[in-house]
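Per-entry structural report
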Amino acid sequence: MQLSNRPDDLPSTAGIRAYAEELEKRFWRLQEEGPKLQERARSLQVTEKSGDGLIAATVGARGELLRLDIDPRIYRRPDARALADDITETIKKAGAKARDEVVELFATLVPREQVAAQMSGDTNTLIEMMHKQFRGEG
């Protein structure tokens, strides 16, 4: 009986080669198509309205507030806390929609889950996904 020094969870040489080939293909596609997609992402703007339609928030691709419009009719109900909550919620909805659009934009080149993890700064998920791909699981 011959013992192996290779842990069971490591991929075979063929698996590593397949993963490297996939990375190479993705790299070339990113190099070719990436700049166009990046420009589209940079210019992306999303506008969402509050439930009553009196607040409109426009955000960029990263969810940064670019414009806030408040209908003057908002002053008919003088509740500062409700107004602040409505503004916050509208901006959050616009930011989430912007992130979703960026994920979809890059999904042709990079798996959606990886783009979403990258955008949220979730390095643990990114490393786990890469580890699974390396082992041929994903």
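Note that the structure is a prediction, hence the values are computed from the model and not measured.

1. Structural notes on the overall build of the protein
Scanning the protein from N- to C-terminus turns up four helices and three strands. Secondary structure elements in the protein, listed N-terminal to C-terminal, are α-β-β-β-α-α-α. Split into buried and exposed, the 138 residues of the protein put 27% on the buried side. Split by element, the accessible area of the protein, about 9900 Å² in all, is 52% carbon and sulfur.

2. Concerning the packing of helix α3 (residues 112-120) against helix α4 (residues 123-134)
Between α3 and α4, the least distance of the axes is 9 Å, while the angle of their chain directions is 150°. The angle between α3 and α4 falls in the class roughly antiparallel. As α3 runs across α4, the sense of the crossing is left-handed. Contacts between α3 and α4 involve E113, Q114, A117 and Q118 from the former and T125, L126, M129, M130 and Q133 from the latter.

3. Notes on the pattern of salt bridges
Within this structure, the stated rule accounts for ten salt bridges. Between R42 and E39 there is a salt bridge; the shortest N-O distance is 3.3 Å. Here E39 and R42 lie together in helix α1 (residues 13-43), a separation of three residues that amounts to about one turn. For R42, a relative accessible area of 56% gives the class exposed. Two residues, R112 and E104, come together in a salt bridge whose shortest N-O distance is 2.8 Å. Look at R112 and you get partly exposed, because its relative accessible area is 42%. Beyond isolated ion pairs, a larger network of salt bridges with shared partners links D52, R77 and D86.

4. Let's talk about the sheet that holds strand β2 (residues 55-60)
Spatial strand order, β1-β2-β3: three strands in an open sheet with antiparallel pairing. In the strand order of this sheet, the two ends are held by β1 (45-49) and β3 (65-70), each with one partner. Neighbouring strand axes in the sheet, compared pairwise and without regard to direction, differ in orientation by 15° on average. Note: β2 against β3, five bridges, orientation antiparallel.

Analysis parameters
- Residues numbered from 1 in each chain as written.
- Predicted model: local features only at pLDDT ≥ 70, side-chain atom pairs only at ≥ 80, totals over all residues.
- Heavy atoms only, no water.
- Helix = DSSP H or I, 4+ residues; strand = E, 2+ residues; numbered from the N terminus.
- Buried < 20%, exposed > 50% of the residue type's maximum accessible area, 1.4 Å probe, protein only.
- Areas by Shrake-Rupley, 256 points an atom, 1.4 Å probe, with all protein chains shown as cover.
- Axes fitted to C-alpha atoms, helices over the stretch in contact; angles between N-to-C directions.
- Parallel < 35°, antiparallel > 145°, perpendicular 65-115°, else oblique.
- Left-handed = near helix turned anticlockwise from the far one by under 90°.
- Contact = heavy atoms within 4.5 Å.
- Salt bridge = Lys/Arg side-chain N within 4 Å of Asp/Glu carboxyl O.
- Pairing = 2+ DSSP bridges.

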